[in-house]
Amino acid sequence: GVGQVTSMRAAKSALPPATRRGCLRAATPAALAGCSRGTRWLGTQPEAEPRGSLVPETLAEMDSAGSEFQQNAAELRAMGKQRLSLQERKRRRRALDALGVPDFAAFLGQQGVSLPLRKEAVTMLQLNVGLLCNQACTHCHVESSPRRTEAMDERLVEHILRVLAASPEVETVDITGGAPEMTPAFWPLVRGARALGKEVIDRCNLTVLFEPGMERLPDFLAEHGCRVVASLPCYSRENVDKQRGNKVFQRSIAGLQRLNGVGYGVEGSGLKLDLVYNPGGAFLPPPQDVLREAYARELDANFGIVFNELFTITNMPIK
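Residues numbered from 1 in each chain as written. Predicted model: local features only at pLDDT ≥ 70, side-chain atom pairs only at ≥ 80, totals over all residues. Heavy atoms only, no water.

## So, the pattern of salt bridges
In this structure the tally under the stated criterion is 11 salt bridges. For Arg-147, the salt bridge is made with Asp-63, and the minimal N-O distance between the two is 2.7 Å. Taken together, the positions of Arg-147 in the loop between β2 (124–128) and α6 (154–165) and Asp-63 in helix α2 (residues 55–63) put the pair 84 residues apart, joining distant regions of the chain. Given the relative accessible area of 44%, Arg-147 is considered partly exposed. Under the relative-accessibility criterion, Asp-63 is labelled partly exposed at 47%. The salt bridge involving Glu-223 is made with Arg-216; its shortest N-O contact spans 2.8 Å. One connected set of salt bridges, linked through shared partners, spans Glu-88, Arg-91 and Arg-92. (Salt bridge = Lys/Arg side-chain N within 4 Å of Asp/Glu carboxyl O. Helix = DSSP H or I, 4+ residues; strand = E, 2+ residues; numbered from the N terminus. Buried < 20%, exposed > 50% of the residue type's maximum accessible area, 1.4 Å probe, protein only.)

## What to know about the side chain of Thr-207
Among the structural elements, Thr-207 can be located in the loop between β4 (199–204) and α8 (217–223). With a relative accessible area of 0%, Thr-207 lands in the buried category. A polar contact is formed between the side chain of Thr-207 and the side chain of Asn-134, at a distance of 3.0 Å. Thr-207 has contacts with Leu-54, Asn-134, Gln-135, Val-248, Arg-251 and Ser-252, leaving out every residue within four places of it along the chain. (Polar contact = N/O pair within 3.5 Å; in protein donor to acceptor, adjacent residues only side chain to side chain. Contact = heavy atoms within 4.5 Å.)

## Brief notes about helix α11 (residues 288–303)
Each full turn of the α-helix corresponds to 3.6 residues, which orients residues three or four apart in the same direction. In a regular helix each residue adds 1.5 Å, so 16 residues correspond to 22 Å; α11 covers 21 Å between its end C-alpha atoms and thus fits that length. For α11, the full list of buried residues reads Gln-288, Leu-291, Ala-294, Tyr-295, Glu-298, Leu-299, Asn-302 and Phe-303. Within α11, the buried residues cover an arc of 125° as seen down the axis, which keeps them to one side. Along α11, the residues that are exposed and aim more than 90 degrees away from the buried face are Glu-293 and Ala-301. The first or second residue beyond α11 is Gly-304, which carries a positive phi of 65°. (Expected span 1.5 Å × (residues − 1). Arc of directions from axis to C-beta.)

## Regarding unusual backbone geometry
Cis rather than trans, the peptide bond between Leu-115 and Pro-116 has omega equal to 0°. Following the sequence through the fold, Pro-116 ends up in the loop between α5 (104–110) and β2. For the bond from Gly-177 to Gly-178, the omega torsion is 20°, close enough to zero to count as cis. With respect to the secondary-structure elements, Gly-178 resides in the loop between β3 (172–176) and α7 (186–195). A positive phi angle is found at Glu-143, which is not glycine, with a value near 55°. Positionally, Glu-143 belongs in the loop between β2 and α6.

## Let's talk about the nonpolar core
The biggest cluster of nonpolar side chains holds 56 residues, and the ones touching the most others in it are Leu-217, Leu-275, Tyr-295 and Leu-299. If you tally residues by element for this core, the top one is helix α10 (residues 248–261), at six residues. Aside from chain neighbours lying at most four places away, what touches Leu-299 is Leu-232, Tyr-235, Ile-253, Leu-275, Gly-304, Ile-305 and Phe-307. (Core = buried A, V, L, I, M, F, W, Y, C linked by side-chain atoms within 4.5 Å.)

## Points about the packing of aromatic side chains
Enumeration over the complete set of coordinates arrives at five aromatic pairs. Geometrically, the ring pair formed by Tyr-235 and Tyr-295 is edge-to-face, given 5.2 Å between the ring centres and 90° between the ring planes. Note that Tyr-235 is positioned in the loop between β5 (227–231) and α9 (237–244) and Tyr-295 in helix α11, a separation of 60 residues in sequence. Accessibility expressed as a relative area gives 4% for Tyr-235, which makes it buried. Site record: aromatic cluster; members linked through ring pairs are Phe-186, Trp-187 and Phe-220. (Phe/Tyr/Trp six-rings, centres within 6.5 Å; stacked < 30°, edge-to-face > 60°.)

Given below as structure tokens:
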């Protein structure tokens with residue numbers, strides 16, 4: 001879809017007491033430190049550079065009876081079918097009030113935005129090029145997986161580039177999926193948009209860098225000056241693999257190191273590498289600035305990884 005772009009902001013919010021070790025439910029700097037305890041790597045190199053596709057591993061998890069993936073998916077489906085009673089809605093509103101979370105109008109006022117909202121020029125075009133992905137994350141808002149086949153075709157790519165050429169007010173093309181790089185439309189879209197002088201954002205899951213045929217992806221992104229916004233829901237193996245699948249953490253860390261190797265996130269390179277934190281359940285993310293400090297400290301100390309910004313978001317499945 002096409003949307004108005006505003007600065008990415010995160011509301012600082014208190015959270016329920018931590019009920020799970022790690023940054024998935026961390027509410028304080030002390031609790032955030034828990035994410036680095038337990039299973040972790042030491043040193044600045046991954047155990048071994050990942051080899052082969054992640055797809056067989058993902059499919060095995062999706063099909064394994066009683067697997068955590070199936071349990072989480074079943075819980076989310078059940079939650080999605082439940083209708084909220086008026087009493088439950090009031091209870092949740094009271095819980096948000098107790099946490100100090102403002103209502104929407106009050107929050108807009110805090111951000112300097114006055115009502116009524118008025119339309120401004122469209123400056124960003126966000127494109128979902130396909131739902132094929134080498135992962136199957138329970139929090140994915142479009143339920144991407146290796147089994148999805150929906151994809152943008154060549155004719156639509158050509159049409160989009162014509163629209164961009166006729167739309168000087170559109171400054172940024174934000175490409176997502178699925179793993180967008182696995183869809184053939186991704187590559188001509190990047191080339192075409194950059195040739196038109198548009199900023200290009202690649203929403204990257206990091207593990208795609210090690211899929212067959214993706215060997216040149218880091219260099220391709222760097223050569224075209226793309227901004228990479230990468231998913232990394234924690235800096236510990238245990239929490240990442242729980243949310244995104246077995247072996248995802250190892251590949252994510254190796255992917256970040258590979259991107260750093262071509263200049264991404266490195267001061268003075270001009271290549272921006274941003275990370276995204278997404279909660280693994282029905283709770284709000286920790287304060288963005290606190291979490292960014294923890295990510296920067298742990299990723300640099302343990303893996304020699306640098307990045308630019310960290311954004312905290314929450315995904316809501318689209319049904």
